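# Examining the three-dimensional arrangement
Spelled out from the first residue to the last, the chains are:
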Amino acid sequence: VQLQASGGGLVQAGGSLRLSCAASGRTFSEYAMGWFRQAPGKGRDFVAGISRSGTETYYSDSVKGRFTISRDNAKNTVSLQMNNLKAEDTASYHCAADSSSRYYISRFTSSYTYWGQGTQVTVSS
């Protein structure tokens, strides 16, 4: 599967952005999906994940209550609504697909098989 992320940009602190990730292929609903972010000079950190059906979600503590992950299996897309953005949210955001049969949403990069290119989010304070 190929993943294409979009929607990044420059926003003031307190503002909102919505990221989207479009997936190719007919098996999108078989993958749990995740969003990760990577700031300059740092590792890639888990942000949010969603189950195959979309009924279960999982967030890092740093974004819980501000970000919402969702998916549309009919359109092969996963989105990340980001509200009340902070300067520390500045990073390159990557969507990823977990092709394993694990029943839980993983927060580890090693669990994800396919990755999209990053979309840059910059929050000015």
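Look up: the structure comes first, before these words.
The sections below set out a description of the structure shown in this document. (Residues numbered from 1 in each chain as written. Predicted model: local features only at pLDDT ≥ 70, side-chain atom pairs only at ≥ 80, totals over all residues. Heavy atoms only, no water.)

### Digging into the overall build of the protein
- For the protein, the helix and strand inventory stands at zero helices and 11 strands.
- Taken from the N to the C terminus, the helices and strands of the protein come in the order β-β-β-β-β-β-β-β-β-β-β.
- Taking 2.2 N^0.38 as the reference for a compact globule, 125 residues should give roughly 14 Å; the C-alpha atoms of the protein span a radius of gyration of 13 Å, in line with that estimate.
- Expressed as lengths along the three principal axes of its C-alpha atoms, the size of the protein is roughly 40 × 25 × 25 Å.
- Look at the contacts in the protein between residues 6 or more apart in sequence, and 58% of them connect residues 24 or more apart.
- Only carbon and sulfur atoms are counted for the fraction: they give 46% of the accessible area of the protein, which is about 6400 Å².
- Charge separation in the protein, taken as the distance between the mean sites of 13 positive and 8 negative side-chain charges, equals 2 Å. (Helix = DSSP H or I, 4+ residues; strand = E, 2+ residues; numbered from the N terminus. Rg over C-alpha atoms; globule rule 2.2 N^0.38 Å. Contact = heavy atoms within 4.5 Å. Areas by Shrake-Rupley, 256 points an atom, 1.4 Å probe, with all protein chains shown as cover. Lys, Arg positive; Asp, Glu negative; His and termini not counted. Charge placed at Lys NZ, Arg CZ, Asp CG, Glu CD.)

### Some words on the packing of aromatic side chains
- Across all of its chains, the model carries seven aromatic pairs by this definition.
- Seen in terms of ring centroids, Phe 46 and Tyr 58 are 5.3 Å apart; in terms of plane orientation they differ by 35°. Their pairing is tilted. Remark: Tyr 58 occurs in strand 6 (residues 57-59) and Phe 46 occurs in strand 5 (residues 44-50); sequence separation between them is 12 residues.
- Of the residues examined, Tyr 58 reaches a relative accessible area of 32% and is grouped as partly exposed.
- Ring pairing ties together the aromatic residues Phe 36, Phe 46, Tyr 58, Tyr 112 and Trp 115, which thus form one cluster.
- Positioned above the aromatic ring of Trp 115 is the side chain of Arg 44, whose terminal nitrogen or guanidinium carbon lies 4.9 Å from the ring centre.
- When the ring centre of Phe 28 is taken as reference, the NZ or CZ atom of Arg 71 above it lies at 4.4 Å. (Phe/Tyr/Trp six-rings, centres within 6.5 Å; stacked < 30°, edge-to-face > 60°. Buried < 20%, exposed > 50% of the residue type's maximum accessible area, 1.4 Å probe, protein only. Lys NZ or Arg CZ within 6 Å of the ring centre and 35° of its normal.)

### Concerning the nonpolar core
- One finds Trp 35, Leu 80, Met 82 and Tyr 93 to be the most contacted residues of the largest nonpolar core, which totals 28 residues.
- If you look at the next biggest cluster of nonpolar residues, it comprises five residues, including Phe 46, Ala 96, Ile 105 and Tyr 112. (Core = buried A, V, L, I, M, F, W, Y, C linked by side-chain atoms within 4.5 Å.)

### Points about the state of the cysteines
- Counted under the stated rule, the structure contains one disulfide.
- The disulfide bridge from Cys 21 ends at Cys 95, spanning 2.1 Å between sulfur atoms. Disulfide Cys 21 to Cys 95: torsion about the S-S bond roughly 60°, handedness right-handed. With Cys 21 in strand 3 (residues 17-23) and Cys 95 in strand 9 (residues 91-98), this pair connects stretches of sequence that are 74 residues apart. The residues Cys 21 and Cys 95 share a single accessibility class, namely buried. (Disulfide = S-S within 2.5 Å.)

### Observations concerning the pairing of strand 3
- Alternating positions in strand 3 separate cleanly, Leu 17, Leu 19, Cys 21 and Ala 23 being buried on one face and Arg 18, Ser 20 and Ala 22 remaining unburied on the opposite face.
- Pairing geometry for strand 3 and strand 8 (residues 77-82), over six bridges, is antiparallel. Bridging across to strand 8, Ser 20 finds its partner in Ser 79. (Pairing = 2+ DSSP bridges.)

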